[in-house]
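# Structural description and commentary
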Amino acid sequence: MQTVRKPQALGADDVAFFEANGYLRLRGVFDASEVADLSEELDEVISRFAWTDKGWSGPWREKYLSPEENAKSKLTALHEMELHSPAWARAVLNRRLAASVADLIGPEVEFHHMTLHAKGPEFGTPFPMHQDNPFYEHSDGRYLDAIVHVDAATEENGCLKFLAGSHRLGPLQHVKEGSPHLPPDEYPMERAVSCPADAGDVVLFSIYTVHGSSLNRTPRWRRVVRIGYRNPENLQVAGQAMGRPGVMVHGLRPKLAGVTIDPYGPMKVNR
Ligand SMILES: O=C(O)CCC(=O)C(=O)O
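First, a word on what this report is: a plain description of the structure on this page. (Residues numbered from 1 in each chain as written. Predicted model: local features only at pLDDT ≥ 70, side-chain atom pairs only at ≥ 80, totals over all residues. Heavy atoms only, no water.)

### Side note on the site of the ligand
Close to the ligand lie H117, K119, F127, H130, D132, L160, H211, S213, R222, V224 and R226, which account for all nearby residues. Contact between the ligand and D132: an oxygen atom at 2.8 Å from a side-chain N or O atom of the residue. For the ligand, an oxygen atom lies 2.7 Å from a polar atom in the side chain of R222. Across the complex, the protein chains shield 100% of the 290 Å² of accessible surface that the ligand would expose by itself. One can see that the ligand is located within the largest cavity. Secondary structure elements with two or more residues in the shell around the ligand: β4 (109-119), β5 (127-130), β10 (211-213) and β11 (222-230). Counting residues per element, the shell around the ligand draws most heavily on β11, which supplies three residues. Split by residue class, the shell around the ligand holds three nonpolar, four polar and four charged. (Near = heavy atom within 4 Å. Polar contact = N/O pair within 3.5 Å; in protein donor to acceptor, adjacent residues only side chain to side chain. Areas by Shrake-Rupley, 256 points an atom, 1.4 Å probe, with all protein chains shown as cover. 1 Å grid on protein atoms, 1.4 Å probe; cavity = no way out; pocket = protein on both sides within 12 Å on 5 of 7 lines; lining within 4 Å. Sits in = over half its atoms within 2 Å of the grid points. Helix = DSSP H or I, 4+ residues; strand = E, 2+ residues; numbered from the N terminus. Nonpolar A, V, L, I, M, F, W, Y, C, P; charged D, E, K, R; others polar.)

Take a look at the structure:
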């Protein structure tokens, strides 16, 4: 990921940190009143549409979790909150966030998807080490995930952990039994660097950066929302949101040979 333009939102040291490590914490992207709106609307949307289950499946669970933790761990999840909540629709277009992403993978940036990961109290599920590429495979590395912290994330409640520099490995083969993940013996979470963050912070990382997170052992929720952004030239190969265009959040959509947006796309209604 070579950045030759002068960054607009990031400092040269931020760009250098990202290039070296494959992740970057942006502090205070959303102020206290924005976080309050995001939090309130998220809770209401969760109560209407989210689901709760034991989280990601697979043989990694026995390695990471005691039998009690395995039985009790919980994840509350939901996709595309921007369709349900104006605060989250505004978050997608946040100027500093979009310009920061543009500094790393732009100049043009297209929104791709939004996903909630809310770890419940005491037994909020861990995530095994993995790249995000197997979930929404793209043609190249010009794709960033932005983790919006609605609650502060700490070592105790399961903050994100990154294998520094792993984005340079490119796409890795994942274990496909259960949810895609990397073999725990080859990619132990102990080798990862913790990235605690405050409410309102955003943590950016590459679609190729190996990451995971531990159990939430606190009595409080840990709610984070992932917003996926890509360079619109980086076409999707498979997975979540395949074939769905997103709004441009930075720059204008380039005209690409063979790529058109169908205004008559289906909206399914089952009654
Ligand atoms: O929410 C977490 O703790 C992990 C999230 C994650 O792995 C992801 O969004 O890809």
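### Quick notes on the pairing of β11
Within β11, nine of the nine residues are buried, which leaves the element mostly enclosed by the surrounding structure. Covered by surrounding structure in β11 are R222, V224, R226, G228 and R230 together with R223, V225, I227 and Y229, the residues of both alternating faces. For β4 and β11, the ladder comprises nine bridges, and the chain directions are antiparallel. Across the sheet, H113 pairs through a bridge with G228, a residue of β11. By the bridge criterion, seven bridges tie strand β6 (residues 143-149) to β11 in an arrangement that is antiparallel. Bridged to Y143 within β11 is R230. (Buried < 20%, exposed > 50% of the residue type's maximum accessible area, 1.4 Å probe, protein only. Pairing = 2+ DSSP bridges.)

### What about the environment of K176?
Its location among the elements puts K176 in the loop between β7 (160-162) and β8 (193-195). When its relative accessible area of 58% is taken as the criterion, K176 is described as exposed. Expressed as a C-alpha distance, the spacing of K176 and P188, which sit 12 residues apart in the sequence, is 18 Å.

### A look at the layout of surface pockets
It is a probe the size of a water molecule, rolled over the atoms, that shows where empty space is left. What the largest pocket holds in volume is close to 630 Å³. Every residue lining the largest pocket is counted, 21 residues in all, and those nearest its centre are G243, R244, P245, T260 and I261. Of the residues that constitute the lining of the largest pocket, the class distribution is 10 nonpolar, five polar and six charged. Taken as a whole, the second largest pocket spans an internal volume of roughly 250 Å³. As for the second largest pocket, its lining consists of 14 residues, of which W56, H79, T115, H117 and F135 are closest to the centre. Per element, the largest residue contribution to the lining of the second largest pocket is three residues, and it comes from strand β3 (residues 75-79). Looking at the lining of the second largest pocket residue by residue, the classes come out as six nonpolar, five polar and three charged. (Points joined across faces, edges and corners; volume = space filled by probe spheres on them.)

### A closer look at the sheet that holds β5
Sheets are built from strands paired through backbone hydrogen bonds, the pairs being either parallel or antiparallel. Overall, antiparallel pairing links the four strands, which are arranged β5-β10-β7-β8 in an open sheet. Here the strands that pair on one side only, and so sit at the sheet edges, are β5 and β8. Across the sheet, the axes of successive neighbouring strands diverge by a mean angle of 25°, strand direction being ignored. Taken together, the two bridges between β5 and β10 define a ladder with antiparallel strand orientation. Paired with H130 across the strands is H211, a residue of β10. (Axes fitted to C-alpha atoms, helices over the stretch in contact; angles between N-to-C directions.)

### Brief notes about the side chain of D145
Within the fold, D145 resides in strand β6. There is a polar contact of 2.9 Å between the side chain of D145 and the side chain of Y136. Residues contacting D145, with those up to four places away along its chain left out, are H113, D132, Y136, V203, L204, F205, R226, I227 and G228. (Contact = heavy atoms within 4.5 Å.)

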